[in-house]
Amino acid sequence: GAVVSQHPSWVICKSGTSVKIECRSLDFQATTMFWYRQFPKQSLMLMATSNEGSKATYEQGVEKDKFLINHASLTLSTLTVTSAHPEDSSFYICSAAGLAGRPYNEQFFGPGTRLTVL
Amino acid sequence: QQQVKQSPQSLIVQKGGISIINCAYENTAFDYFPWYQQFPGKGPALLIAIRPDVSEKKEGRFTISFNKSAKQFSLHIMDSQPGDSATYFCAASRIQGAQKLVFGQGTRLTINP
């Protein structure tokens, strides 16, 4: 149990375009989903926290108009990088929490999405 | 006060040896301390986690030692194997509330055959 998937696993896009990344909890209903960004050889940086049906809570310094998060159901959250630029190139990872019988804040991570903006 | 400091940044251990990674935190409200393992190009995977009501937790070759008074916790990997070569992250969180994980800086572990 506790499988989280992401799609796509990698994406290359041109500068100025928008890219949508999906995060799905495959075998449990996630009360909360999280979006992280990771640069090479660095730690995970939390971008935002989202609950189903609610607006996402963004971390300080993260542009909410650039990184749009939609949490439409208990098993799906999406991150849209709008008007992407080369500096947005990174590894984006989602996680999900709320597996029944587990600590409330135990997070299960997806495999990540490598975004390259040309 | 939200920081989790992790050391060392990199570690090389011989096969069969013990790998030890340390973390320290400041926020005494933290009550959940997981360790994650990450392979290149993959998402982190939960290895083992501990609550502050116990001083040690063991799962197979992985052991967390927790020192509440010192606000430190460590990961011990016994009989380290080349397949353990990965980046390890400690983290801390509160069970209640926003559930956010605060991650350490990561340790790149290399197990030499």
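Residues numbered from 1 in each chain as written. Chains lettered and ligands numbered in written order. Predicted model: local features only at pLDDT ≥ 70, side-chain atom pairs only at ≥ 80, totals over all residues. Heavy atoms only, no water.

**Student:** For the overall build of chain A, give the residues involved together with the corresponding values.
**Tutor:** The helix and strand inventory of chain A stands at 0 helices and 11 strands. Walking chain A from its N terminus toward its C terminus, one meets helices and strands in the order β-β-β-β-β-β-β-β-β-β-β. Against the 2.2 N^0.38 benchmark of 13 Å for 118 residues, chain A shows a C-alpha radius of gyration of 14 Å, consistent with a compact globule. Across its three principal axes, chain A shows a C-alpha extent of roughly 45 × 25 × 20 Å. (Helix = DSSP H or I, 4+ residues; strand = E, 2+ residues; numbered from the N terminus. Rg over C-alpha atoms; globule rule 2.2 N^0.38 Å.)

**Student:** Break down the overall build of chain B for me, with residues and values.
**Tutor:** Helices and strands together make up the secondary structure of chain B, namely 0 helices and 11 strands. For chain B, the succession of helices and strands along the chain, N to C, is β-β-β-β-β-β-β-β-β-β-β. Relative to the globule expectation of 13 Å for 113 residues, the C-alpha radius of gyration of chain B, 13 Å, shows essentially globular dimensions. Along the three orthogonal principal directions, the C-alpha set of chain B runs to about 45 × 30 × 20 Å.

**Student:** Talk me through the interface of chain A and chain B; I want residue IDs and the actual numbers.
**Tutor:** On the side of chain B, 20 residues touch chain A, which itself brings 22 residues to the contact. For the chain A and chain B pair, buried surface summed over both sides reaches about 1,700 Å², with 55% attributable to carbon and sulfur atoms. Where chain A touches chain B, the interface holds 1 salt bridge. Here A:E59 and B:K100 are joined by a salt bridge, their closest N and O atoms 3.2 Å apart. Here chain A and chain B share 5 residue pairs in polar contact (both at pLDDT 80 or more) between them. Counting only elements with at least two residues in the side of chain A that touches chain B, the list comes to β4 (32-38), β5 (44-51), β9 (90-97) and β10 (107-109) of chain A. In terms of residue count, the dominant contributor to the side of chain A that touches chain B is β4(A) (4 residues). Taken together, the residues of the side of chain A that touches chain B break down into 11 nonpolar, 8 polar and 3 charged. (Contact = heavy atoms within 4.5 Å. Buried area = accessible area lost by both parts, 1.4 Å probe. Salt bridge = Lys/Arg side-chain N within 4 Å of Asp/Glu carboxyl O. Polar contact = N/O pair within 3.5 Å; in protein donor to acceptor, adjacent residues only side chain to side chain. Nonpolar A, V, L, I, M, F, W, Y, C, P; charged D, E, K, R; others polar.)

**Student:** Which residues make up the state of the cysteines, and what values do they have?
**Tutor:** All names here are of chain B. Throughout the structure, instances matching the rule amount to 2 disulfides over all chains. Paired by a disulfide, C23 and C90 hold their sulfur atoms 1.9 Å apart. Judged by the sign of its S-S torsion, about -95°, the cystine formed by C23 and C90 is left-handed. Within this pair, whereas C23 is found in strand β3 (residues 19-25), its partner C90 is found in strand β9 (residues 86-92), the two being separated by 67 residues in sequence. Across the pair, exposure class does not vary: C23 and C90 are buried alike. (Disulfide = S-S within 2.5 Å. Buried < 20%, exposed > 50% of the residue type's maximum accessible area, 1.4 Å probe, protein only.)

**Student:** So, the sheet that holds strand β7 (residues 62-67) of chain B: which residues are in play, and what are the values?
**Tutor:** Residues and elements named next belong to chain B. Across the sheet, 5 strands lie side by side as β1-β3-β8-β7-β6; this open sheet has antiparallel pairing. Either end of the sheet is taken by a strand with one partner, and the two such strands are β1 (4-7) and β6 (56-59). In this sheet, adjacent strand axes meet at a mean angle of 15° when their direction is disregarded. Direction of pairing for β3 relative to strand β8 (residues 72-77): antiparallel, over a ladder of 6 bridges. Residue pairing for β8: A24 is matched across the bridge by Q72. (Pairing = 2+ DSSP bridges. Axes fitted to C-alpha atoms, helices over the stretch in contact; angles between N-to-C directions.)

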